[in-house]
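Each chain is listed here by its residues.
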Amino acid sequence: MQSTKSRRKITPITNTATAITNNKAIINSNGAGAAAADSEKLDELLLFSAICNGEDLASFVRKAFISGKPETLLSRLRSFTKSKESEIEEVCKIHYQDFITAVDELKSLLSDVDKLKSSLSASNNQLHSVASPLLDSLDSFIESKNVSKNVSLAIESVQICIKLLENCGRTNSHLLSNNYYMVLKCVDNIERDYLGKIDSSTIKCMLERQIPLIRGYIEKIVNKEFGDWLVEIRIVSRNLGQLAIGQASSARQREEELRIKQRQAEEQSRLSLRDCVYALEEEDDDEDVGNVGGDDSGSDKLVSNGGGGGVLGFDLTPLYRAYHIHQTLGLEERFKHYYFENRKLQLTSDFQVSSMTPFLESHQTFFAQIAGFFIVEDRVLRTGGGLISKYEVENLWETAVVKMCSVLEDQFSRMQTANHLLLIKDYVSLLGVTLRRYGYLVDPLLDVLSKHRDKYHELLLSDCRKLIAEAVSADGFEQMLMKKEYEYSMNVLSFQIQTSDITPAFPYIAPFSSMVPDCCRLVRSFIEDSVSFMSYGGQLDFHDVVKKYLDRLLGEVLDEALLNIVKSNVHGVSQAMQVAANMVVLERACDFFFRHAAQLSGIPLRITEIKKSKFPLTSSRDAAESMLSGLLKTKVNGFMALTDNINWMADEAPPNGNEYVNEVIIYLETLVSTAQQILPVQVLQRVLQEVLSHISEKILGILAGDLVKRFSINAVMGIDVDIQLLESFAENQSNLFTDVESNQLKSALVESRQMINLLLSNQAENFLNPVIRERSYKALDYRKVVTIAEKLKDPSDRYFGSFAGRGAKVNTKKKSLDALIKRLKEAH
């Protein structure tokens, strides 16, 4: 029940500010001046306000003790207590009636509460009686449910453990079979799917301890395998490089064989042989690995794809397994760096050139090691799944190229043998061909080879100079005897110096001596070495360079050697004749040399024939012929000494000529019969022409010389017979020479012939007629005419020779000669 009386409410002081305001009002009411003066009163008011608001009084207490006046604070608290007692009493007085009314109301409700209590007790007892069985069932259900849940959790835990143990078993099985990738996958699966679900702390601790150990063990094993692979790869790389370069060499050899067949076909076509049969030759597929311009099938056969052995039993599996394992372990970048640094160190060690072994002996191993290294890196780049980048491979290659160029520069600068330079150059060019197939830039290497082109040829020329000098010095100047056909093919056909396409009968006596094929072999070897050095060096058109040095070899080296041998070692007519014959054969050989150089350089034969070179051995050829002519002239001079026996004032002309001319003709006929077996016709003709010209000069020299003071017309007639015999000899050589050549032989006697004709002429003054002189006396010199004509004496000048008939005739001739002599002296 509620009372109708109103209840008073006490409004507490809510904050210190309100209390202060009230206190200030009180103070103001008691006097504003006293409050401002008394600070203690203000402190008291602040204390009261804090107490009313329930604030902390620690600051007031601390201040009181600091100031040493705790009694003042205690006094203020007591005064505050007293001030509140009256307020409390007032409040109690105000609310006393309300308290009484509330108590009455509570008493009136007591009976109703008792009834409600009894009703609630009865309802509670009834509820307990009804709910007790249900609560018992509920407790049983909850207990059963908890048991079921525990059993399910146990079954699930057991199933997880079973799967975990199965994974652990598979892990152990893979670990025993070294299937490390599957081990790591199983470990990752255990760690991801089971480790957080395991309730067994023992198993969990075991796994947490063993999983890092397994990963560390696998990393250690894989790193060891990778380390073994790094050791093995160096040996395999060297063998791989040697095999690849060997295949490039085989491909080059096949190309050379094909070029030889093409040149043979061109030569047969040039010779108009219609019975040539051409066919395409199919090469086996396994030979295509050496194809320089082919695809990378060759490299696929050289190096396996990483899953097994290649030709060399080479396997990239350890590398790729290590890379894959490190990827699985999350250490991919670290392994990439480790691989690159180790391979870089291996490459650096490959650059070391042993000072104990000559580079000529170790260069193949040196370059093969580098070639194999980059063949492997090319395969790793293309199949390694990003293990190494193209940029890194290019950096390694640039480093290798710089080092190889430096080594080549250093070694080439030391070499003084052309063959050594050629061997290294050939191997380097094969290295370039091999690595170009894999996309590596080899131009700097080829530039080094081109840079030493001149040095190589100078060394080659120096070597050939020694060998040619030895070959020429060892010549016995005797015609070669060839007993077998292969000797003929080796010494004649191989240099195309045969004069006929018909194979001669054996034994065969060649028209040249042994120095000809020996020198030809040296020159041919020079050409092939020069072309070999210039070939496969990045320069396509190198014929001009080869021809330049071939001209130097022939024009300087060979010509100089032949000149030296002509000047120093040739003694006697037979040797000089053999040397002259050799020069003709060498002239044919020179044509072969230029054709051979053009063919090896890839220049068509038709262009070679158009640009036919001048014979480079002109000096030695002229010297040889000049020496032969000189020896023959010396021999003839011995016979010409018989002119001392001539009666220059003979009464009658000798009908058969003088004694000397018969000896000379006998010697010349003997010479021709011997020389035609050795000397070519054109050389024999030139030599005979020189000898006859010399005889003619000797005759005129005798007539104009001091030994002959005077001679008669009969002596002139005798000389006329001598010249007729010599002219007859020249005409009789028509079976050897053409008519033009025979006339050239006869023309060698033209000066003596014209002089004798002039002395025998009754109209010698015709010599002064320009037209007649040009036609009949063109070869005569007026000084010789004057000198010789003055010596011609008339028979009447003799003491016992005055015949009228003859005297008149001589007088006419004599008068004509005297007139000629007089007019020539006047004119000159």
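Residues numbered from 1 in each chain as written. Predicted model: local features only at pLDDT ≥ 70, side-chain atom pairs only at ≥ 80, totals over all residues. Heavy atoms only, no water.

**Student:** Got a minute to help me understand the overall build of the chain in this structure?
**Tutor:** From N to C terminus, the chain includes 29 helices and two strands. Within the chain, the fraction of its 828 residues that count as buried is 40%. The contacts of the chain with a sequence gap of at least 6 include a subset with a gap of at least 24, amounting to 78%. In the form shown here, the chain has an accessible surface area of approximately 45900 Å², with 53% of it arising from carbon and sulfur atoms. (Helix = DSSP H or I, 4+ residues; strand = E, 2+ residues; numbered from the N terminus. Buried < 20%, exposed > 50% of the residue type's maximum accessible area, 1.4 Å probe, protein only. Contact = heavy atoms within 4.5 Å. Areas by Shrake-Rupley, 256 points an atom, 1.4 Å probe, with all protein chains shown as cover.)

**Student:** So what exactly am I meant to see when it comes to the packing of aromatic side chains here?
**Tutor:** We describe a pair of aromatic rings using the distance from one ring centre to the other and the angle between the two ring planes. For the structure on display, the rule yields 20 aromatic pairs. Ring-pair connections join several aromatic residues into one group, and the members of that group are F226, W229, Y323, F335, Y338 and Y339. Above the face of the F533 ring, K425 is positioned so that its terminal group lies 5.7 Å from the ring centre. (Phe/Tyr/Trp six-rings, centres within 6.5 Å; stacked < 30°, edge-to-face > 60°. Lys NZ or Arg CZ within 6 Å of the ring centre and 35° of its normal.)

**Student:** Which parts of the structure should I look at to understand the pattern of salt bridges?
**Tutor:** Note that side chains of opposite charge can pair when their charged atoms are close. Here the structure, examined in full by the defined rule, presents 26 salt bridges. When the shortest N-O distance is used, the salt bridge between E731 and K746 registers 2.7 Å. Of this pair, E731 sits in helix 24 (residues 713-731) while K746 is found in helix 25 (residues 739-747), placing the two residues 15 residues apart along the sequence. Residue classification places K746 among the partly exposed positions, given a relative accessible area of 31%. Look at the salt bridges and you will find they share partners, linking E332, E333 and K336 into a network. (Salt bridge = Lys/Arg side-chain N within 4 Å of Asp/Glu carboxyl O.)

**Student:** Quick question: what am I supposed to make of the confidence of the model for the chain here?
**Tutor:** When pLDDT drops low, the exact placement of atoms in the prediction is not to be read closely. Averaged over every residue, the pLDDT of the chain is 78; residues scoring 70 or more account for 85%. Here helix 1 (residues 16-30) is the element of the chain with the lowest mean pLDDT, 44, and helix 12 (residues 390-414) is the one with the highest, 89. Contacts for the low-pLDDT stretch residues 1-37, under 50 throughout, to residues beyond four places or in other chains number 36 contacts. Across residues 271-301 the pLDDT falls below 50, and counting only partners more than four positions away or on other chains, this stretch makes 33 contacts in the model. (pLDDT = per-residue confidence, 0-100.)

**Student:** Teacher, can you tell me more about the environment of Y181 here?
**Tutor:** By the secondary structure assignment, Y181 is in helix 6 (residues 180-193). Along the chain, Y181 and H324 lie 143 residues apart, while their C-alpha atoms are 7.6 Å from each other. Those residues in contact with Y181 that sit more than four places away from it in its chain are H324, I325 and T328.

**Student:** Mind showing me how you'd approach a nonpolar patch on the surface here?
**Tutor:** On the surface, L135, L138, F141 and I142 cluster together into a nonpolar patch covering about 380 Å² of accessible area. By the element assignment, F141 lies in helix 5 (residues 70-176). Here F141 falls in the exposed class, since its relative accessible area comes to 53%. (Patch = residues over 30% accessible without salt bridge, like charges linked within 9 Å, V, L, I, M, F, W, Y side chains within 5 Å.)

**Student:** Sorry, what's going on with helix 9 (residues 317-328) here?
**Tutor:** Residue pairs three or four apart in sequence face the same way in an α-helix, which turns once every 3.6 residues. The terminal C-alpha atoms of helix 9, which comprises 12 residues, lie 16 Å apart, in line with the 16 Å expected from a rise of 1.5 Å per residue. When helix 9 is considered as a whole, its buried residues turn out to be L319, Y320, A322, Y323, I325 and H326. Looking one or two places after helix 9, you find G330, whose phi comes out positive at around 80 degrees. (Expected span 1.5 Å × (residues − 1).)

**Student:** Would you explain the nonpolar core in this entry?
**Tutor:** In a soluble, globular protein the nonpolar side chains are often hidden away together inside. One finds F367, F374, I468, F593, L668, I695 and F711 to be the most contacted residues of the largest nonpolar core, which totals 202 residues. Looking at this core element by element, the count peaks at 16 residues for helix 19 (residues 573-600). (Core = buried A, V, L, I, M, F, W, Y, C linked by side-chain atoms within 4.5 Å.)

**Student:** I tried to follow the side chain of R343 on my own but got confused; where do I start?
**Tutor:** Tracing the chain through its elements places R343 in helix 10 (residues 332-350). Contact partners of R343, with chain neighbours within four places excluded, come to L230, I233, F373, V376 and E377.

**Student:** Could you clarify how one ought to interpret unusual backbone geometry in this entry?
**Tutor:** Across the chain, the bulk of peptide bonds are trans and the bulk of non-glycine residues have phi less than zero. Residue F506 is joined to P507 through a cis peptide bond whose omega torsion reads 0 degrees. Its location among the elements puts P507 in the loop between helix 16 (485-491) and strand 2 (508-509). With phi around 55 degrees, F477 is a residue other than glycine that occupies positive phi space. Along the chain, F477 turns up in the loop between helix 15 (453-473) and strand 1 (481-482). Backbone geometry at Q496 places phi at a positive 55 degrees, although glycine is not the residue there. With respect to the helices and strands, the residue Q496 is situated in the loop between helix 16 and strand 2. With a relative accessible area of 30%, Q496 lands in the partly exposed category.

**Student:** Can you walk me through the packing of helix 22 (residues 659-675) against helix 23 (residues 681-704) in this structure?
**Tutor:** Working note: a packed helix pair is described by the angle between its axes plus the distance between those axes. Axis separation between helix 22 and helix 23 bottoms out at 11 Å; the angle between their running directions is 170 degrees. The angle between the axes of helix 22 and helix 23 places the two elements in the roughly antiparallel class. Residues Y660, V664, L668, L671, V672 and A675 of helix 22 form the contact with helix 23, whose own contacting residues are L684, L688, V691, L692, I695 and I699. By residue class, the composition of the contact of helix 22 with helix 23 is 12 nonpolar, no polar and no charged. (Axes fitted to C-alpha atoms, helices over the stretch in contact; angles between N-to-C directions. Parallel < 35°, antiparallel > 145°, perpendicular 65-115°, else oblique. Nonpolar A, V, L, I, M, F, W, Y, C, P; charged D, E, K, R; others polar.)

**Student:** Sorry, what's going on with the state of the cysteines here?
**Tutor:** Cysteine pairs can be covalently joined through their sulfur atoms, and such a bond is termed a disulfide. Under the defined criterion, the tally for this structure stands at zero disulfides. Free cysteine: C168, not disulfide-bonded; nearest cysteine sulfur from C186 at 9.2 Å. Residue C168 is classed as buried on the basis of its relative accessible area, which comes to 18%. Left without a disulfide partner, C590 is nearest to the cysteine sulfur of C520, which lies 7.9 Å away. (Disulfide = S-S within 2.5 Å.)

**Student:** Can you help me understand the packing of helix 13 (residues 418-436) against helix 17 (residues 515-534) in this one?
**Tutor:** In the contact formed by helix 13 and helix 17, the axes pass within 9 Å of each other and the chain directions differ by 40 degrees. For helix 13 against helix 17, the interelement crossing comes out left-handed. Contact residues: L421, L422, K425 and D426 in helix 13; D529, S532, F533 and M534 in helix 17. (Left-handed = near helix turned anticlockwise from the far one by under 90°.)

**Student:** What exactly am I supposed to notice about the environment of N757 here?
**Tutor:** Mapping N757 onto the fold places it in helix 26 (residues 750-760). Accessibility expressed as a relative area gives 34% for N757, which makes it partly exposed.

**Student:** Quick question: what am I supposed to make of the side chain of N658 here?
**Tutor:** Within the secondary structure layout, N658 lies in the loop between helix 21 (618-640) and helix 22. Within polar-contact distance, the side chain of N658 engages the side chain of D722 at 2.5 Å. If near-sequence neighbours (up to four positions away) are discounted, N658 is found in contact with I646, G718, I719 and D722. (Polar contact = N/O pair within 3.5 Å; in protein donor to acceptor, adjacent residues only side chain to side chain.)

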